[in-house]
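# Architecture at a glance
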Amino acid sequence: MAIRVWILLFLLIGFSRVNGRKNSSSVMKNYTIQGENGEVIECVDIYKQPAFSHHFLKNHVIQMRPSSSPNVLKEDEKQFQRWQKYGKCPEGSIPILRTTLFNHSKTQLILQNTPQLTALGKKHREFAFVAMPQGGKYYGINGRLNLWNPKTYNGEYSLAEVRLTAGIIGNAAEINSIEAGWQVIEDNPKLFIHWTRDNFNQTGCYNLNCPGFVQVSNVIALGADLHPVSTYDGPQFDLVITVHKDMASGNWWLKANGQDIGYFPGSIFTSLAQNSNQVSWGGEITDSKRKASQNHTSTQMGSGHLPSEGYKKAAYIHSIQYMNESGQFLDADHDNNMKTFAPFPGCYELAFGEKGKFGLGVHFFYGGPPPSCGGIPGTKP
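As the structure is a computational prediction, the values presented were derived from the model and not from experiment.

## Remarks on the overall build of the chain
Scanning the chain from terminus to terminus reveals three helices and 19 strands. Per-residue burial over the chain gives 53% buried out of 381 residues. Restricting to contacts in the chain with at least 6 residues of sequence separation, those with at least 24 account for 74%. Counting every atom, the chain has about 17700 Å² of accessible surface; 52% of that belongs to carbon and sulfur.

Okay, structure coming up:
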């Protein structure tokens, strides 16, 4: 009798491992977590997330963890989103921030795979970033993004990110990209991802707003508030973003502060299915006034202060690294033919810091604008 019971238990355990779809129904239905600032987190069955309405992912088997971990510095798995202190989603579910695009209790879960080309994307954009030489072979990127809450106006955004791109130079329609970092639109920095396989012509979006990214974490919500943030000449806080290709599966895995969130399946890309041919780090804002008048926006990049003010005052990105074909993360040293892009001097600038100073490794400061830029404060939307 004991032998029969043991065999039955063995079979049941084996079934739960290979047939997660059958057992996923045990996840609590309509389970929500009320956060702060009006945030509502919905815990959704991992197999009913938006990714699986993508026609390339109809029979996709979820990879629950990467086959190997990159050699980046390990982070303490601390809470870094406000909602996390109110709970976490049950195993077998993922947290999705309730938005106008996603409300599990009122709308269909399946979202259309259409580009999110809103008015934000059509506004003039300004940058301050550094990049490794185009044409290389890169299999991952890492960066510690100093976390701030810059002021934004007129529905504009301000962000800090890491980015991988691939494609044919001169053929924008073939550009593939993955971006991840923090972004402020109205207030409070939020964790974000952004992707496309055709330069946002027909594919791609933010976060889980269209099928593509497969999330496995039950404790991190894309689009949700990040906390705490840095203060001028005070305590500094960072968001560490790592994206790396899993050589065994071909999927591009995303980590935030050392915790696996999920992955971009290699099958949703074309050129990026192999490797990236350029990696970059930096800040970006939109300027809705640029074409309408001679006035310049007052939307802040980084801390809102120029890099000349230095540590604890200007925003930085440090521990900037890329992954090679052997799976090793290497420092993206600015002596190694790195290119800098800050085409709006006097408004948004960028400067490398001394390597290793303040314990920052390879790093640069960036941001603005100063009053001399000519910005006229706008109004909150």
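## Some details on the packing of aromatic side chains
Applying the stated criterion to the full structure yields 14 aromatic pairs. Through a chain of ring-to-ring contacts, three or more aromatic side chains come together here, namely Trp195, Phe213, Phe264 and Phe269. One Lys or Arg, Arg163, reaches over the ring of Phe129 and ends 5.9 Å from the middle of that ring.

## Section: the sheet that holds strand E3 (residues 93–97)
Read from one edge of the open sheet, three strands run E1-E2-E3, paired in antiparallel fashion. Both outer strands of the open sheet, strand E1 (31–34) and E3, are each paired with one neighbouring strand and no more. Each strand of the sheet is rotated relative to its neighbour by a mean of 30°, with strand direction disregarded. In this sheet, strand E2 (residues 40–45) lies alongside E1 in antiparallel orientation, the contact comprising four bridges. Paired with Gln34 across the strands is Val40, a residue of E2.

## Examining the sheet that holds strand E7 (residues 176–184)
One key point about sheets: their strands pair by backbone hydrogen bonds, in either a parallel or an antiparallel sense. Pairing in this open sheet of seven strands is antiparallel, and the strands run E9-E8-E7-E6-E14-E4-E17 from one edge to the other. Only two strands of the sheet have a single neighbouring strand rather than two, namely strand E9 (205–206) and strand E17 (339–341). Where strand E8 (residues 190–196) lies against E9, two bridges are found, and the strand directions are antiparallel. Among the inter-strand pairings, Trp195 is bridged to a residue of E9, identified as Cys205.

## Things to note about the side chain of Arg163
By secondary structure assignment, the location of Arg163 is in strand E6 (residues 158–166). Looking at Arg163, its side chain comes within polar contact range of the side chain of Glu161, at 2.7 Å. Looking at Arg163, its side chain comes within polar contact range of the side chain of Glu284, at 3.4 Å. In this structure, Arg163 is in contact with Phe127, Ile141, Ile178, Glu179, Gln278, Val279, Ser280 and Glu284, ignoring residues within four places of it in sequence.

## Digging into the nonpolar core
Counting residues in hydrophobic clusters, the biggest one holds 68 residues, and the most contacted among them are Trp182, Ile241, Phe264, Trp281, Ile320 and Tyr366. Each residue touching Ile320, except ones within four places of it in the same chain, is listed here: Val130, Asn142, Trp281, Leu330, Asp331, Ala332, Met338, Phe352, Val362 and Phe364.

## Focus on the environment of Pro50
Mapped onto the secondary structure, Pro50 falls in the loop between E2 and E3. Sequence separation of Pro50 and Phe213 is 163 residues, and the distance between their C-alpha atoms is 8.3 Å.

## Considering the pairing of strand E19 (residues 363–367)
Among the five residues that make up E19, five are buried, leaving the element largely enclosed by the rest of the structure. Neither face of E19 is left uncovered, since the one carrying His363, Phe365 and Gly367 and the one carrying Phe364 and Tyr366 both have all their residues buried. Pairing of strand E15 (residues 315–323) with E19 involves four bridges; the strand directions are antiparallel. Paired with Ala315 across the two strands is Tyr366, which belongs to E19. As paired elements, strand E18 (residues 349–352) and E19 share four bridges and run antiparallel to each other. Within E19, the residue paired with Ala351 across the bridge is Phe365.

## Digging into the pattern of salt bridges
Summed over all chains, the structure comprises 12 salt bridges. One salt bridge in this structure joins Arg163 and Glu284, with 3.4 Å as the shortest N-O distance. Of the two residues, Arg163 is situated in strand E6 and Glu284 in strand E14 (residues 278–287); the sequence distance between them amounts to 121 residues. The pair formed by Arg163 and Glu284 is uniform in burial state, with each residue classed as buried. One salt bridge connects Lys355 with Asp331, and the closest N-O pair in it is separated by 3.9 Å. Of this pair, Lys355 sits in the loop between E18 and E19 while Asp331 is found in strand E16 (residues 329–331), placing the two residues 24 residues apart along the sequence. A relative accessible area of 38% places Asp331 in the partly exposed class.

## Re the confidence of the model for the chain
For the chain, the average pLDDT comes to 84, and 80% of its residues sit at 70 or higher. Low confidence marks residues 1–27, where pLDDT is under 50. Its contacts with residues over four positions away, or in another chain, come to 13 contacts. Taken together, the stretch residues 376–381 has pLDDT below 50 and engages in 16 contacts with residues farther than four places along the chain or on a different chain.

## A word on unusual backbone geometry
In the segment running from His227 into Pro228, the intervening peptide bond is cis, with an omega of 5°. Assignment of secondary structure puts Pro228 in the loop between strand E10 (214–215) and strand E11 (238–245). Pro369 follows Gly368 through a cis peptide bond whose omega is 5°. In this fold, Pro369 is placed in the segment after E19. Phi is positive for Asn257, close to 50°, though the residue is something other than glycine. You will see that Lys312, though not glycine, has its phi angle at about 75°, which is positive.

Conventions adopted
- Residues numbered from 1 in each chain as written.
- Predicted model: local features only at pLDDT ≥ 70, side-chain atom pairs only at ≥ 80, totals over all residues.
- Heavy atoms only, no water.
- Helix = DSSP H or I, 4+ residues; strand = E, 2+ residues; numbered from the N terminus.
- Buried < 20%, exposed > 50% of the residue type's maximum accessible area, 1.4 Å probe, protein only.
- Contact = heavy atoms within 4.5 Å.
- Areas by Shrake-Rupley, 256 points an atom, 1.4 Å probe, with all protein chains shown as cover.
- Phe/Tyr/Trp six-rings, centres within 6.5 Å; stacked < 30°, edge-to-face > 60°.
- Lys NZ or Arg CZ within 6 Å of the ring centre and 35° of its normal.
- Pairing = 2+ DSSP bridges.
- Axes fitted to C-alpha atoms, helices over the stretch in contact; angles between N-to-C directions.
- Polar contact = N/O pair within 3.5 Å; in protein donor to acceptor, adjacent residues only side chain to side chain.
- Core = buried A, V, L, I, M, F, W, Y, C linked by side-chain atoms within 4.5 Å.
- Salt bridge = Lys/Arg side-chain N within 4 Å of Asp/Glu carboxyl O.
- pLDDT = per-residue confidence, 0-100.

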